[in-house]
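Inside the fold
The lines below spell out each chain.
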Amino acid sequence: QVQVAESGGGLVQPGGSLRLSCRNPRTITSVFSGSTVGWYRQAPGKDRELVAEITSAGNTNYAEAVKGRFTISKDNSRKTVYLQMNLLKFEDTADYYCKRTERAGTEYWGKGTLVTVSS
């Protein structure tokens, strides 16, 4: 029973773009709308870190390393959060994970999608 499903990862050259999707198929729309959803990433040998998050009110927060290059957005009707990644760099290579945090505090993680930036 998949709660959170990421997609959109792949191999891209430096300077390229990708759009990741975080779908929440088993969530009631009203619950999804009230959730905060974040994208995290984990590179080999490093800790998982927050990349971007969006609250139920649509407020966004970005890691300094991605400001101006990545954009997070939310489509409540589709129960999906997107991460548009532009001007990708080698150091953006990582497994990208989506986490949904509901109002009650329950957290759901996806299994991740791999982004590889390589020439």
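Everything that follows concerns the structure shown earlier in this document.
Throughout what follows, the structure given in this document is the object of discussion. This structure is a prediction, so every number in the text was calculated from the model and none was measured.

Rules used in this analysis
Residues numbered from 1 in each chain as written. Predicted model: local features only at pLDDT ≥ 70, side-chain atom pairs only at ≥ 80, totals over all residues. Heavy atoms only, no water. Pairing = 2+ DSSP bridges. Helix = DSSP H or I, 4+ residues; strand = E, 2+ residues; numbered from the N terminus. Axes fitted to C-alpha atoms, helices over the stretch in contact; angles between N-to-C directions.

**Things to note about the pairing of strand β5 (residues 49-54)**
One face of the sheet, then the other: side chains in a regular strand alternate in exactly this way. Relative to β5, strand β4 (residues 36-42) runs antiparallel, the two sharing 5 bridges. In the sheet register, Trp39 faces β5, and the bridge partner there is Ala52. The hairpin formed by β4 and β5 contains 6 residues between the paired strands, and Gly45 there has a positive phi angle of roughly 80°. Two elements, β5 and strand β6 (residues 60-62), share 3 bridges in a ladder whose sense is antiparallel. Each bridged residue has a counterpart across the sheet, and for Ile54 the counterpart in β6 is Thr60. Once β5 ends, the chain turns through 5 residues before running back antiparallel as β6, passing Gly58 with a positive phi of about 90°.

**Looking at the sheet that holds strand β3 (residues 18-23)**
Here we have 4 strands laid out as an open sheet, ordered β1-β3-β8-β7, and antiparallel in their pairing. Each having just a single partner strand, β1 (5-7) and β7 (70-75) make up the two edges of the open sheet. Shown here is a sheet whose adjacent strand axes are inclined to one another by a mean of 15°, direction ignored. As paired elements, β1 and β3 share 3 bridges and run antiparallel to each other. Considered in β3, the bridge of Glu6 is made with Cys22.

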